[in-house]
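Examining the three-dimensional arrangement
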Amino acid sequence: LTGVLDDCLCDIESIDDFNTFKIFPKIQKLQERDYFRYYKVNLKRPCPFWADDGHCSIKDCHVEPCPESKIPVGIKAGSSNKYSKAANNSKELEDCEQANKLGAVNSTLSNQSKEAFIDWARYDDSQDHFCELDDERSPDAQYVDLLLNPERYTGYKGPSAWRVWNSIYEENCFKPRSVYRPLNPLAPSRGGDDGESFYTWLEGLCLEKRVFYKLISGLHASINLHLCANYLLEETWGKPRWGPNVKEFTRRFDPAETKGEGPRRLKNLYFLYLIELRALSKVAPYFERAVVDLYTGNGHEDAESKALLLDIFRDTKSFHMHFDEKSMFAGDKKGAKSLKEEFRLHFKNISRIMDCVGCDKCRLWGKLQTQGLGTALKILFSEKEIQSLPENSPSKGFQLTRQEIVALVNAFGRLSTSIKELQNFKVLLQQPR
């Protein structure tokens, strides 16, 4: 992969260098901090589009829920605000940890974390939210420690996984049914077409709709890369060994194996990286204000987290080949407004499709990365509101919830990791096998 990306003036080598030497080490550190490692998610929402075909029974997908007494009171959104000593029972905590099998979503938290969440809940309640996130107050929503639940290959595949991606592409990417995506197993045999008719159609779209497709394709490529890079290589005596699977990577991305489609998908990953990088540089003024605190209740930790975040913002601003979002929605006002609303509704629909993912761990990371991209788009479409933020008071015009901030940083962290893993696969592919 080399050269300039389509629809922008940036080349792949510049992104590789910038990510490897500036962004990746810092974003890794930031994701380890308490403010960014806990994400609240509802993994029990029913699929709104088709009858649920049952959850994946593979143990690496499985979630062993903790007993009610284990879930910190601060997490029980709105039901109780008193700290319960019953939740301190260490025997129950051990049972709960024991119940979390390999790869399960581990929702157990230390007592110190529980205290912090009560404060976080109060702090979030006091904010003037820009938008109400759909189900944070649901009794089914729980905090998950992202560090204990890394995104990796779980074995979830086949018709259920395919149906999710097919629904995303076929119904939400502005695509007519008569145009088939390359490598689509449902497409009729078309001789030597190899997807050229699809790309002819794509090039004929307006920039905004083309960008939308590239963002989804880039997200799909990034998720596939994570699965190849963190693959269950062997399990001996109950001890799993995870690592990069070159064969799986080749199957998904090699030009010969994918009829040239793999590199195109990887280019879309770089394009998505640029979009989220641009959003981070644009939202910096929101966080640079003294009134914005990455609040966990630990003053020293909060100050360090904010300093690290601002350092990353300085790096994003120093990047000299940003995507120019002003080229989007630049036509007549009425048409641009209608297109933007269509863009927003399509994306909202994709976030709802994530509730149809049958593997809980895949669902967790799918929801987080979709919300992160949604937050990035919200930022790019709110430039005027961000520029007119008051210095010393919360804004009524533009607001980010803690959920959106956590999703934004972790979703970009996933893209940064994808590009780093891609470098690693390049090295591994050059080694004699």
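The rules behind the values
Sequence positions are assigned chain by chain, starting from 1 and proceeding in written order. In keeping with the model being predicted, local features are shown solely for residues with a pLDDT of at least 70 and side-chain atom pairs are shown and tallied solely at 80 or more, while totals for entire chains, interfaces and linings include all residues. Values reported for side chains reflect all heavy atoms of the structure, with hydrogen atoms and water molecules removed beforehand. UniProt positions are given in the numbering used here, feature names are shortened, and annotations may be inferred rather than shown by experiment. Strands are runs of DSSP state E lasting at least two residues, helices are runs of H or I lasting at least four, and both sets are numbered from the N terminus onward. Summary of the burial criterion: residues with accessible area below 20% of their type's maximum are buried, those above 50% are exposed, and those between are partly exposed, where the area comes from a 1.4 Å probe applied to protein chains only. We call two residues in contact whenever any of their non-hydrogen atoms come within 4.5 Å of each other. Surface exposure here means Shrake-Rupley accessible area, sampled with a 1.4 Å probe, where a residue is shielded only by the protein chains that are shown. Put simply, a nonpolar core is a bunch of buried Ala, Val, Leu, Ile, Met, Phe, Trp, Tyr and Cys residues held in one set by side-chain atoms that sit within 4.5 Å of each other. Salt bridges are identified by distance alone: a Lys or Arg side-chain nitrogen within 4 Å of an Asp or Glu carboxyl oxygen. Note on definitions: the grid is 1 Å and covers protein atoms alone; a cavity is a set of points where a 1.4 Å probe fits but cannot get out; a pocket is an open set with protein on both sides within 12 Å along at least five of seven lines; lining residues have an atom within 4 Å of a point. Grid points are joined across faces, edges and corners, and a volume is the space filled by probe spheres set on the points. Here the term charged refers only to Asp, Glu, Lys and Arg, the term nonpolar to Ala, Val, Leu, Ile, Met, Phe, Trp, Tyr, Cys and Pro, and the term polar to all other amino acids, Gly among them. Note on geometry: axes are lines fitted to C-alpha atoms, helical ones only across the stretch in contact, with angles between N-to-C directions running from 0 to 180 degrees. Orientation is classified from the angle alone, with under 35 degrees giving roughly parallel, over 145 giving roughly antiparallel, 65 to 115 giving roughly perpendicular, and any other angle giving oblique. A clockwise turn of the near helix away from the far one marks a right-handed crossing, whereas an anticlockwise turn of less than a right angle marks a left-handed crossing. Residues adjacent in sequence count toward polar contacts only when both atoms are side-chain atoms; beyond that, a polar contact is any pair of N or O atoms within 3.5 Å, and within protein one must be able to donate a hydrogen and the other to accept it.

Within an unreviewed UniProt entry, the label attached to the protein reads ERO1B protein, and the organism entered is Oriolus oriolus. Under the UniProt heading Cofactor (unreviewed entry), the entry covering the protein gives this text: "FAD". For the record of the protein, the UniProt heading Subcellular location (unreviewed entry) holds the text "Endoplasmic reticulum membrane".

Description of the overall build of the protein
Of regular secondary structure, the protein possesses 14 helices and four strands. For the protein, the proportion of its 433 residues judged to be buried stands at 54%. Long-range contacts, defined as pairs at least 24 residues apart, comprise 78% of the intrachain contacts of the protein with a sequence gap of at least 6. As displayed, the protein offers around 19,800 Å² of accessible surface, 52% of which is attributable to carbon and sulfur atoms.

Some thoughts on the nonpolar core
Of all hydrophobic cores here, the largest spans 110 residues; its most connected members are Ile15, Leu215, Ile216, Tyr273, Val283 and Phe287. It is helix H9 (residues 261-288) that provides the largest number of residues to this core, a total of 15 residues. When neighbours within four sequence positions are excluded, Leu215 is seen to be in contact with Phe271, Leu272, Ile275, Phe343, Leu373 and Leu377.

Considering the pattern of salt bridges
This model, assessed by the stated rule, comprises 24 salt bridges. Notably, a salt bridge pairs Asp145 with Arg37, separated by 2.5 Å at the nearest N-O pair. Taken together, the positions of Asp145 in strand S2 (residues 141-145) and Arg37 in helix H2 (residues 34-37) put the pair 108 residues apart, joining distant regions of the chain. Both residues of the pair, Asp145 and Arg37, count as buried. A salt bridge links Lys367 to Asp355; its shortest N-O distance comes to 2.5 Å. Highlighted residues: Lys367 in helix H12 (residues 360-380) and Asp355 in the loop between helix H11 (333-353) and H12, separated in sequence by 12 residues. Across the pair, Asp355 and Lys367 agree in class, each one buried. Sharing partners across several salt bridges, the network here consists of Lys26, Asp311, Arg314 and Asp315.

What to know about the UniProt feature "active site" (unreviewed entry) in the protein
Residues given the UniProt feature "active site" (unreviewed entry) here are Cys359 and Cys362. None of the other annotated residues line the second largest pocket; only Cys362 do. Mapped onto the fold, Cys359 is located in the loop between H11 and H12. Examined against the element boundaries, Cys362 turns out to sit in helix H12. Accessibility expressed as a relative area gives 24% for Cys362, which makes it partly exposed. For Cys362, the contacting residues outside a window of four places in its chain are Thr154, Tyr156 and Val357.

Focus on the layout of surface pockets
Of the volumes computed, that of the second largest pocket is approximately 990 Å³. Put simply, the parts of the chain that give the lining of the second largest pocket at least two residues each are helix H5 (159-172), helix H7 (207-229), helix H8 (246-253) and H12. Looking at the lining of the second largest pocket, its residues break down into 20 nonpolar, nine polar and 10 charged.

Some remarks on the UniProt feature "binding site: FAD" (unreviewed entry) in the protein
In the numbering used here, UniProt assigns the feature "binding site: FAD" (unreviewed entry) to Arg152, Thr154, Trp165, Ser217, His220 and Arg252. Checking the named residues against the second largest pocket, the ones that line it are Arg152, Thr154, Trp165, Ser217, His220 and Arg252. With respect to the element layout, Arg152 can be found in the loop between S2 and H5. Position of Arg252 relative to the elements: it lies in helix H8.

Thoughts on the environment of Met328
Along the chain, Met328 turns up in the loop between helix H10 (299-318) and H11. In this structure Met328 touches Leu207, Glu208, Val211, Phe323 and Phe343, once residues within four positions along its chain are discounted.

Some words on the packing of H9 against helix H14 (residues 402-430)
Helices that pack against each other are described as a pair by the angle of their axes relative to one another and the distance between those axes. As a packed pair, H9 and H14 sit with axes 10 Å apart at the nearest point and diverge in direction by 140°. Of the possible angle classes, the one that applies to H9 and H14 is oblique. Remark: the crossing between H9 and H14 carries left-handed chirality. Taking contact as the criterion, the partners of Leu266, Leu269, Tyr270, Leu272, Tyr273, Glu276, Leu277, Leu280 and Phe287 in H9 are, on H14, Ile405, Leu408, Ala411, Phe412, Leu415, Ser416, Ser418, Ile419, Leu422 and Gln423. Class assignment of the residues belonging to the contact of H9 with H14 gives a composition of 15 nonpolar, three polar and one charged.

A closer look at the side chain of Ser222
Checked against the element boundaries, Ser222 lands in helix H7. A distance of 2.6 Å separates a polar atom in the side chain of Ser222 from a polar atom in the side chain of Ser418.

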